[in-house]
Amino acid sequence: MIDFKEPYKYRSYTINNFRKIPQVEKHLSEEEMFAIEVVGNVLPFKANTYVVNELIEWDKVPDDPIYRLTFPQKEMLEEEHFNQVAHALKTGMAKPELSELVNEIRKSLNPHPAGQMEHNVPEIEGTKLTGVQHKYRETLLFFPNHGQTCHAYCTFCFRWPQFVGIDELKFAMRETDLLVKYLKEHKEVSDVLFTGGDPMIMNVKRLRAYIEPLLEEGLEHIQTIRIGSKALGYWPYRFLTDKDAEEVLALFEQIVKSGKHLAFMGHFNHPAELKTPAVQEAIKRVLATGAQIRTQSPMMRHINDKAEDWATMWRQQVQLGCIPYYTFLARDTGAQDYFAVPLVKAWEIFRKAYQSVSGVSRTVRGPSMSAAPGKVQVLGVSEINGEKVMSLRFLQGRNPNWVHRPFFAKYNEEAVWLDDLEPAFENEFFFEREFNAMTGDKSPDVIREAFFEESF
Ligand SMILES: *Cc1c(COP(=O)(O)O)cnc(C)c1O
Ligand code: SF4
C-alpha cells in the first residue's frame, strides 16, 4: 500500500533538456534525438518525470504508445519541412530566421481548425470574449487564460497554437466577470466546460477565482461544471501530493455541495495510463468529492488503433468508477497525417471494441469528428438499394435541429474527415445550405440568436 505522503519529484522536459533524461541517453540513437529536436522546434514538446518514469516502457521505444504520444517523431512533419528545419539547425541558422521558418511551417499546419476563431467566439457589449467558444447551444467552452498549458504535451494535440502564457490573477477575475455577464443573458446554456490546455495546471487560487463566481445566484441555469483535463493521465499527483491537492479536492466538493454537477472530463488515450497506483488513487479521491469522471480520447494510428486497446480502456475505466464518454477522430491539424485513421477503419475498430464490452461501457459514443458544422458520428457502413454507403449523424450541431438525424455519404475507404465525403442519393448534405449561410456574411452572434432561441 502506497500512502502518497512523499511528494513525487516533478521535473519538466522540453527540447532544451530532454537529452539529459537517462532513458533517452540509454535508448535513443543520436539520429532519433536529433529528429526530436527538429520536430520539437515546430510542434511543442513537453514531458515530465511521471510520464517518462512510470508510463513509457523504454524497452519498447519507439513503438511504445506513450512515447509516441509525447515525443515528437520524424514522420510528424512533411519531409520537406523536416529537411528545412534539420538543415537550419545543422548550419546554425540565426534565431530570428529560424523562427520565421518555423512560423511559416506552423501556418501551413492549419492551426485553428473547424472555424474555431471566426465562428465560435461571442461578443458582449462590443467586447469579443476571446476565451469563450459557444458553438453548441447547451455547452459553452471556456479557455481560462491561465490554463493554456499542460503537464505534458500530446504530439497529436490541436491546441498547440495556444501554448503561450500570461500570468496575472486580475486577468482571471476580469475574464470571469465577462463570462458571468454572458451567461446571465444566455439561459440556454446548462454546461460550462473549462478547457485549455489543461485547467488543472492552475493552482487552486486561480481555479477558485474562475469557478466560484459560477456558483453564485443568478446562474441557476448552469447545471453542470465540466473540467476537461489530462492531469489524471499525465500528472495524477495533482490530486495526491501537490501542495494544494487537498484544497483542489475541497473546491470540487464545494461545487458539488452547491448543487451543481461536477463532471471531470478525463483524457485517457491508452490503457497504460490507467495502470499505476497513483492514477488509481487519484481517481478514487476525485470521485470521493462527489464529482463524476467521464472519459474521452481521439483514436490515433500508432497509439490506440486496436480494438483491444479501447475495450481494455473502457472496462478498466468502468471498474475504476469512470464513465466512457467520447471517441474522437484525429483532427485536421498539426501532425494529422501521422495519426489519422480513416473513417471506415475507425468505425470497424470502434465497433469491434463496443461489441466486446457490456452495456455499462457502452455509454461511449463515437467515432466522431469535431468538424465545422458539428460533431459527426460515423454510424457505419451499409448497403441501400445496391449502393454501398456510409451512415452518419450529428451528435452536436451548430444548429441543434441537425442532431440525431441519420444521413448518408458515398462509401469512401480513404476518407479521414467530413470534407472528404460526398453525399449519397442527393446533391448536397441536408445541412449544407444552412451551414454555408451561417458561415457566410452573417455575424456569428446573429446566427447564434437565430438557432439557439428555441429551447425548452
Ligand atoms: C465537444 C464540444 C462541446 C461539448 O459537447 P457535449 O456533447 O456537450 O459534450 C462543446 N463545444 C465544442 C466546440 C465542442 O467541440
Ligand atoms: S493534454 Fe490535452 S490540451 Fe494538453 S497537449 Fe494533450 S491533448 Fe493537448
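A quick note: this is a predicted structure, and the numbers were derived from the prediction, not measured.

## With respect to the site of ligand 2
Near ligand 2, the surroundings consist of nine residues, among which Cys150, Cys154, Cys157, Gly197 and Lys230 are the closest. Of the residues in the shell around ligand 2, the class split is six nonpolar, two polar and one charged.

## Observations regarding the pattern of salt bridges
Side chains carrying opposite charge are able to pair once their charged atoms draw close together. According to the stated counting rule, one finds 18 salt bridges in the structure shown. The partner of Arg68 in a salt bridge is Asp63, and the shortest N-O contact between them spans 2.8 Å. Overall, Arg68 belongs to the buried group, its relative accessible area being 11%. In this structure, a network of salt bridges that share partners links the residues Arg19, Glu30 and Glu37.

## Let's talk about the confidence of the model for the chain
Where the model shows low pLDDT, its predicted coordinates should not be examined in detail. Summarising the model, the chain shows a mean pLDDT of 91, and 90% of its residues fall at 70 or more. Below pLDDT 50 for its whole length, residues 164-168 participates in seven contacts with residues either more than four positions away or in separate chains.

## Here we look at the pairing of strand β10 (residues 292-299)
In terms of burial, β10 is largely enclosed, as seven of its eight residues are buried. The pairing of strand β9 (residues 261-267) with β10 spans five bridges and is classified as parallel. Looking at the pairing, Ala263 lines up with Gln292 of β10. The sheet contact formed by β10 and strand β11 (residues 323-329) spans six bridges and is parallel. Within the sheet, the bridge partner assigned to Met299 lies in β11 and is Leu329. Running through helix α13 (residues 307-319), the crossover from β10 to the neighbouring parallel element β11 is right-handed.

## Overview of the nonpolar core
Of all hydrophobic cores here, the largest spans 132 residues; its most connected members are Phe71 and Phe239. When residues of this core are assigned to domains, at least three fall in each of domain 1 (12-107) and domain 2 (113-451). The contact partners of Phe239, leaving out residues within four places of it in the chain, are Met200, Ala231, Leu232, Ala245, Val248, Leu249, Phe252, Phe264, Ala282, Arg285 and Val286. Leu193, Ala263, Met265 and Leu395 belong to the second largest nonpolar core, which has seven residues in total.

## Overview of the sheet that holds strand β7 (residues 191-194)
Pairing is mixed across the open sheet formed by eleven strands, whose spatial order is β5-β6-β7-β8-β9-β10-β11-β12-β13-β14-β15. The sheet is open, and its two edges are formed by β5 (132-136) and β15 (407-410), each paired on a single side. Neighbouring strand axes in the sheet, compared pairwise and without regard to direction, differ in orientation by 30 degrees on average. Bridging between β7 and strand β8 (residues 224-229) involves four bridges; their strand directions are parallel. Paired with Leu193 across the strands is Arg226, a residue of β8. Packed onto the sheet, α13 meets β10 and β11 and runs at close to 150 degrees relative to β11.

## With respect to the packing of aromatic side chains
Any two aromatic rings considered together are summarised by their centre-to-centre distance and by the angle between their planes. As enumerated under the stated definition, the model contains 35 aromatic pairs in all. Aromatic side chains Phe156 and Phe339 sit 6.3 Å apart centroid to centroid with 90 degrees between the ring planes, which places their arrangement in the edge-to-face category. With a gap of 183 residues between them, Phe156 in the loop between β6 (139-142) and α8 (169-184) and Phe339 in helix α14 (residues 336-339) connect regions that are remote in the sequence. In this structure Phe339 comes out as buried when scored by relative accessible area, which is 1%. Seen from their ring centres, Phe430 and Phe431 are 5.5 Å apart, and the 85 degrees between their planes marks the pair as edge-to-face. What makes Phe430 partly exposed here is its relative accessible area of 26%. Note on Phe431: relative accessible area 2%, which makes it buried. An aromatic cluster is defined as three or more aromatic residues linked by ring pairs; in this entry it consists of Phe4, Tyr8, Tyr10, Tyr50, Trp235 and Tyr237. The ring of Tyr234 carries the charged tip of Lys230 above its face, separated from the ring centre by 4.3 Å.

Rules and cut-offs
Residues numbered from 1 in each chain as written. Chains lettered and ligands numbered in written order. Predicted model: local features only at pLDDT ≥ 70, side-chain atom pairs only at ≥ 80, totals over all residues. Heavy atoms only, no water. Near = heavy atom within 4 Å. Nonpolar A, V, L, I, M, F, W, Y, C, P; charged D, E, K, R; others polar. Salt bridge = Lys/Arg side-chain N within 4 Å of Asp/Glu carboxyl O. Buried < 20%, exposed > 50% of the residue type's maximum accessible area, 1.4 Å probe, protein only. pLDDT = per-residue confidence, 0-100. Contact = heavy atoms within 4.5 Å. Helix = DSSP H or I, 4+ residues; strand = E, 2+ residues; numbered from the N terminus. Pairing = 2+ DSSP bridges. Right-handed = clockwise from strand over helix to strand, strands pointing away. Core = buried A, V, L, I, M, F, W, Y, C linked by side-chain atoms within 4.5 Å. Domains from an automatic or database assignment. Axes fitted to C-alpha atoms, helices over the stretch in contact; angles between N-to-C directions. Phe/Tyr/Trp six-rings, centres within 6.5 Å; stacked < 30°, edge-to-face > 60°. Lys NZ or Arg CZ within 6 Å of the ring centre and 35° of its normal.

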